[in-house]
Amino acid sequence: SSAIIENNNITANGESGILCGDSNPTIQGNEIMENTDLGVNFIGWGNGILQGNMIVKNWKGIQLVHHCAPLIHGNIIAYNDDQGILCGDNSKPLVNKNGIYSNGGYGIINVDPSATINATYNYWGSVNGPVLATPDSVDPEEVSGNVIYNPWLTESIIILEIVSPLSGETISANFTVSTNVRALGGIQRVDFHVDNQLKYTDFDPPYEWNWDTTEYTETFHEITAVA
């Protein structure tokens, strides 16, 4: 199978967000978040492409077992409770130009000593790169043995901040929500959310949204932006 899974919000499933077996899918531009088990699970002979996804706040971000070798490129793999990427049973993904940071366990762990993972040119949450794990300790941004991680990126592949309004600021009427955003591979779009609901997508810089706040109750609301 060569399915295309694109521009979806895949959230809060009881098991895996996406499960692939003996297939070569293109998985790109998705938000894969808060799934109870795995964000993306390749279970055998899978290749394909994982590109430009937000894979965050799952139990594990990505799992690859039994001869899987996808291209993992340009994703944010962060804030997962356990591993960012788990590889085993002769799986050899090419893991380049991702942001891999703030996961609860390894950034990448390879449990098959007969295979070597190319995980160069990724951003690991600091300019200093990841740490090679020791048998006694696993901290965020660590990698296991049989993972090539040098050289690494010293800046995140995506940098986005909401510069207006400020956190906690009181606003009213029509208000321009402004961002500062840049990315290693360029920006396709910025999605603006209010209280976890997508409200507007901007495809052109400077990536702003004219928010009519009169449509909302006079209380606290959370604005987020995703590039």
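Draft legend 1. The arrangement of the overall build of the chain in detail. Within the chain, the regular secondary structure consists of zero helices and 25 strands. Its C-alpha atoms give the chain a radius of gyration of 19 Å, near enough to 17 Å, the size a compact globule of 227 residues would have. Dimensions of the chain, computed from the C-alpha atoms along their principal axes, are close to 60 × 40 × 30 Å. Partitioning the intrachain contacts of the chain with sequence separation of at least 6 by distance along the chain shows that 42% fall at a separation of at least 24. Here the chain displays about 11200 Å² of accessible surface, and carbon together with sulfur accounts for 48% of that area. Within the chain, the 26 negative side-chain charges are centred at a point lying 6 Å from the centre of the 7 positive side-chain charges.

Draft legend 2. The arrangement of the pattern of salt bridges in detail. In the structure shown here, the tally under the stated rule is three salt bridges. Salt-bridge contacts for Lys 60 lead to Asp 82; the nearest nitrogen and oxygen are separated by 3.0 Å. Here Lys 60 is found in strand β9 (residues 60-65), whereas its partner Asp 82 is found in the loop between β11 (76-78) and β12 (85-88), with 22 residues between them in sequence. The same class applies to Lys 60 as to Asp 82, namely buried. A salt bridge links Arg 182 to Glu 155; the shortest N-O distance between them is 3.0 Å. Placement of the pair is Arg 182 in strand β21 (residues 174-183) and Glu 155 in the loop between β19 (147-148) and β20 (158-164), with a sequence separation of 27 residues.

Draft legend 3. Representation of the packing of aromatic side chains within the structure. Counting across every chain of the model gives eight aromatic pairs. With centroids separated by 5.6 Å and ring planes inclined at 20°, the aromatic side chains of Trp 209 and Trp 211 adopt a geometry described as stacked. One aromatic cluster is present, built from ring pairs that chain together Phe 192, Tyr 200, Trp 209, Trp 211 and Tyr 216.

Draft legend 4. Just the pairing of β12, in detail. Both faces of β12 are covered, namely the face carrying Ile 85 and Cys 87 and the face carrying Leu 86 and Gly 88. The pairing of β9 with β12 spans four bridges and is classified as parallel. Of the residues in β12, the one forming a bridge with Leu 64 is Cys 87. Strand direction decides the pairing type here: β12 and strand β15 (residues 108-110), joined by three bridges, are parallel. Opposite Ile 85, over in β15, you have Ile 108 as the bridge partner.

Draft legend 5. Here's a closer look at unusual backbone geometry. Of note, the bond from Ser 164 into Pro 165 is cis; its omega dihedral lies within 30 degrees of zero at 5°. Summarising the element assignment, Pro 165 is placed in the loop between β20 and β21. Geometrically, the link from Pro 205 to Pro 206 is a cis peptide bond, its omega value of 10° lying close to zero. Within the chain, His 67 stands out as a residue other than glycine whose phi angle is a positive 60°.

Draft legend 6. Representation of the nonpolar core within the structure. One finds Ile 62 and Ile 85 to be the most contacted residues of the largest nonpolar core, which totals 25 residues. For this core, the secondary-structure elements that each account for two or more residues are β3 (18-20), β6 (38-42), β9 and β12. When sequence neighbours within four positions are dropped, the list of residues in contact with Ile 62 reads Val 40, Leu 50, Ile 55, Ile 72, Ile 77, Gly 84, Ile 85 and Leu 86. Counting 11 residues, the second largest nonpolar core, distinct from the first, contains Phe 175, Val 177, Val 194 and Trp 209.

Draft legend 7. Examining the environment of Asp 204 more closely. Along the chain, Asp 204 falls in the loop between β23 (197-202) and β24 (208-212). Look at Asp 204 and you get exposed, because its relative accessible area is 52%. Along the primary structure Asp 204 and Gln 188 are separated by 16 residues, whereas in three dimensions their C-alpha atoms are 8.1 Å apart.

Parameters and conventions
- All residue numbers refer to position in the chain's written sequence, counted from 1.
- Only residues with pLDDT of 70 or above have their local features reported here, since the model is predicted, and side-chain atom pairs are shown and tallied only from 80 upward, although totals for entire chains, interfaces and linings are computed over all residues.
- Think of the side-chain values as coming from all heavy atoms in the structure, minus any hydrogens and water.
- The way it works is that DSSP assigns letters per residue, a run of H or I at least four long becomes a helix, a run of E at least two long becomes a strand, and they are numbered from the N terminus.
- We take the radius of gyration over the C-alpha atoms and set the globule estimate at 2.2 Å times the residue count to the 0.38 power.
- Pairs of residues are marked as contacts when any of their non-hydrogen atoms sit within 4.5 Å.
- Exposure was quantified through the Shrake-Rupley algorithm and a 1.4 Å probe, taking into account, for residues, occlusion by the shown protein chains and nothing else.
- For the purpose of charge, His is not counted, nor are the chain termini; Lys and Arg are scored as positive and Asp and Glu as negative.
- Throughout, a charge is located at the NZ atom of Lys, the CZ atom of Arg, the CG atom of Asp or the CD atom of Glu.
- For salt bridges, the criterion is a side-chain nitrogen of Lys or Arg within 4 Å of an Asp or Glu carboxyl oxygen.
- Exposure categories follow from relative accessible area, calculated using a 1.4 Å probe and restricted to protein chains: below 20% of the type maximum is buried, above 50% is exposed, and the middle band is partly exposed.
- Two rings from Phe, Tyr or Trp (for Trp, the six-membered ring) form a pair when their centres sit within 6.5 Å of each other. Planes less than 30 degrees apart are called stacked, planes more than 60 degrees apart edge-to-face, and all others tilted.
- Criterion used throughout: strands pair if DSSP finds at least two bridges between them.
- The criterion is simple. A nonpolar core is a set of buried Ala, Val, Leu, Ile, Met, Phe, Trp, Tyr and Cys residues joined through side-chain atoms within 4.5 Å.

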